[in-house]
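# Structure at a glance
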Amino acid sequence: MKALITGANKGIGFAIAQNLGKRGYDILLGARDEARGQEAVAKLQADGLSATFVKVDLNDLEGLASLSDLSDIDILVNNAGIAGNIATEKGALDMSKSPFDYTTADLQETLNTNFLGTHAVITNLLDSLSADAKILNVTIPVSQKYWMPLAYVTSKAAQNAMTFAFGHQFEKDKSKRQIFGIMPGAIATDLNGATAGEGGMVRTPYEAAENITSFLFDGKNHNAELINFDGTVIDNYEPGLMGKNLKDIAKNGLKRKFGKK
Ligand SMILES: NC(=O)c1ccc[n+]([C@@H]2O[C@H](COP(=O)([O-])OP(=O)(O)OC[C@H]3O[C@@H](n4cnc5c(N)ncnc54)[C@H](OP(=O)(O)O)[C@@H]3O)[C@@H](O)[C@H]2O)c1
């Protein structure tokens, strides 16, 4: 059994790698920096776990093509990501920074990393996944009103749309593969500079890993779902658009107009 976790040299990714290693998986530890990646591999090996470094740099789309050399991956965790310049003028990290304070460069960098990089990881690995592989994307809610870090939420919204699109295609293809997103809640990592226990809400990466991996082993089919840490499932963005009329248009109207004769 093999699991590839991206961004696994620290934070939630490292905790997931450790968790899956303890469950008996051979860990392919994805990291962009070899020294940081090998250090994390050594920590897992010191605990008697099976781990190998794999270079995964989400900003090197050409380099990601070499992922297709891998084989028989049962679990792919797309964890690597950035929060997209949430630093304020005073240097503090602030998820509630005004959406008007993000530049075009901030948006491009974050979309490139979180969306295009993750897209390239998945598409390069499609032929390397086992027939019933699970792809898990570590994500966030993108439509709540409490904090709206524009670069981060738009990149994850694109990633979430990809989760739905690929999941629906797996279903159409009658594939046994699954792709789904987990929203772990607020976790204390370098990404947000938060402290565990803060406001009674923020949890450790190890608690997050326990929660996240539980959805891999609960025996349920989670394909094309976004799952909140409390188990709530969001399976579409616009519930009002799931009615009969839209389904009918999708099935008949669009095919009539654009379908092959
Ligand atoms: N922390 C939270 O509250 C929270 C909540 C919901 C979702 N998430 C998601 O959880 C995931 C992990 O975040 P974290 O909180 O554990 O943050 P973290 O401690 O900052 O870890 C992020 C990981 O992603 C890697 N990474 C960043 N840019 C990369 C790139 N271009 N190519 C490859 N790897 C790259 C980092 O590598 P380096 O060490 O080399 O920088 C690091 O391994 C992210 O996708 C994040 O959006 C976090």
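Thresholds, definitions, all that
- Residues numbered from 1 in each chain as written.
- Predicted model: local features only at pLDDT ≥ 70, side-chain atom pairs only at ≥ 80, totals over all residues.
- Heavy atoms only, no water.
- UniProt positions renumbered as here; feature names shortened; annotations may be inferred.
- Helix = DSSP H or I, 4+ residues; strand = E, 2+ residues; numbered from the N terminus.
- Rg over C-alpha atoms; globule rule 2.2 N^0.38 Å.
- Buried < 20%, exposed > 50% of the residue type's maximum accessible area, 1.4 Å probe, protein only.
- Contact = heavy atoms within 4.5 Å.
- Lys, Arg positive; Asp, Glu negative; His and termini not counted.
- Charge placed at Lys NZ, Arg CZ, Asp CG, Glu CD.
- Near = heavy atom within 4 Å.
- Polar contact = N/O pair within 3.5 Å; in protein donor to acceptor, adjacent residues only side chain to side chain.
- Areas by Shrake-Rupley, 256 points an atom, 1.4 Å probe, with all protein chains shown as cover.
- 1 Å grid on protein atoms, 1.4 Å probe; cavity = no way out; pocket = protein on both sides within 12 Å on 5 of 7 lines; lining within 4 Å.
- Sits in = over half its atoms within 2 Å of the grid points.
- Nonpolar A, V, L, I, M, F, W, Y, C, P; charged D, E, K, R; others polar.
- Points joined across faces, edges and corners; volume = space filled by probe spheres on them.
- Pairing = 2+ DSSP bridges.
- Right-handed = clockwise from strand over helix to strand, strands pointing away.
- Core = buried A, V, L, I, M, F, W, Y, C linked by side-chain atoms within 4.5 Å.
- Salt bridge = Lys/Arg side-chain N within 4 Å of Asp/Glu carboxyl O.
- Axes fitted to C-alpha atoms, helices over the stretch in contact; angles between N-to-C directions.
- Parallel < 35°, antiparallel > 145°, perpendicular 65-115°, else oblique.
- Left-handed = near helix turned anticlockwise from the far one by under 90°.

In the nomenclature of an unreviewed UniProt entry, the protein corresponds to SDR family NAD(P)-dependent oxidoreductase from the organism Lactococcus allomyrinae. The Sequence similarities (unreviewed entry) comment attached to the protein in UniProt states, word for word, "Belongs to the short-chain dehydrogenases/reductases (SDR) family."

When helices and strands are counted, the protein shows six helices and eight strands. N-terminal to C-terminal, the α/β element order of the protein is β-α-β-α-β-β-α-β-α-β-α-β-β-α. Here the C-alpha radius of gyration of the protein, 19 Å, is about what a compact globule of 261 residues would show, namely 18 Å. Principal-axis analysis of the C-alpha atoms places the extent of the protein at approximately 60 × 45 × 35 Å. When the 261 residues of the protein are sorted by exposure, 44% land in the buried category. Looking at the protein alone, contacts between residues at least 24 apart form 69% of all its contacts between residues at least 6 apart. For the protein, the distance from the average site of its 27 positive side-chain charges to the average site of its 30 negative ones is 10 Å.

What follows is about the site of the ligand. What surrounds the ligand is a group of 29 residues, the closest being Asn 9, Arg 32, Asn 79, Tyr 152 and Thr 189. Backbone polar atom of Ile 12 to an oxygen atom of the ligand: 2.8 Å apart, as the coordinates give it. Contact distances for the ligand include 3.1 Å between an oxygen atom and a side-chain N or O atom of Asn 192. Within the complex, the protein chains bury 94% of what would otherwise be the 890 Å² of accessible surface of the ligand. More than half of the atoms of the ligand fall within 2 Å of the grid points belonging to the largest pocket. At the level of elements, helix 1 (11–22) and helix 4 (150–172) are the ones that each hand at least two residues to the shell around the ligand. Each residue belonging to the shell around the ligand can be placed in one class, and the counts come to twelve nonpolar, eleven polar and six charged.

Attention shifts here to the layout of surface pockets. Counted as a void, the largest pocket has a volume near 1,300 Å³. Around the largest pocket, the lining is made up of 49 residues, and of these Ile 12, Tyr 152, Thr 189, Leu 191 and Asn 192 lie nearest the centre. Of all the secondary-structure elements, those providing two or more residues to the lining of the largest pocket are helix 1, helix 3 (104–125) and helix 4. For the lining of the largest pocket, the class distribution of residues is 25 nonpolar, 16 polar and eight charged.

With that settled, consider the pairing of strand 4 (residues 73–78). Consecutive side chains along a regular strand alternate between the two faces of the sheet. The buried fraction of strand 4 amounts to five of the six residues, a majority that puts the element mostly inside the structure. As defined by bridge partners, strand 1 (residues 2–5) adjoins strand 4 across three bridges and the pair is classed as parallel. Note on strand 4: the bridge partner recorded for Ala 3 is Ile 75. Note that strand 4 and strand 5 (residues 129–138) share five bridges and pair parallel. For Ile 73, the partnering residue across the bridge sits in strand 5 and is Leu 129. In this fold, the crossover linking strand 4 to strand 5 by way of helix 3 has right-handed handedness.

In this section: the nonpolar core. Generally speaking, nonpolar side chains in soluble globular proteins are found buried as a group. Counting 32 residues, the largest nonpolar core has Ile 5, Ile 16, Leu 20 and Ile 27 as the members making the most contacts within it. Setting aside chain neighbours within four positions, we find Ile 5 in contact with Gly 13, Ile 16, Ala 17, Leu 20, Ile 27, Leu 28, Leu 29, Gly 30, Val 77 and Asn 79. Core analysis: the second largest hydrophobic core is formed by 20 residues, Leu 4, Leu 76, Ala 80 and Val 121 among them.

Tallying each qualifying case throughout the model produces two salt bridges. Here Glu 210 and Arg 23 are joined by a salt bridge, their closest N and O atoms 4.0 Å apart. Of this pair, Glu 210 sits in helix 5 (residues 205–214) while Arg 23 is found in the loop between helix 1 and strand 2 (26–31), placing the two residues 187 residues apart along the sequence. Accessibility expressed as a relative area gives 46% for Glu 210, which makes it partly exposed. Overall, Arg 23 belongs to the partly exposed group, its relative accessible area being 35%.

This paragraph deals with the packing of helix 3 against helix 4. Two elements in contact, helix 3 and helix 4, have axes separated by 8 Å at closest approach and are oriented at 25°. Classified by the angle between their axes, helix 3 and helix 4 sit roughly parallel to one another. As helix 3 packs across helix 4, the resulting crossing turns out to be right-handed. Where helix 3 approaches helix 4, its residues Asp 106, Leu 107, Thr 110, Leu 111, Asn 114, Phe 115, Thr 118, His 119, Ile 122 and Thr 123 are matched on the opposing element by Leu 150, Ala 151, Tyr 152, Thr 154, Ser 155, Lys 156, Ala 158, Gln 159, Met 162 and Phe 166.

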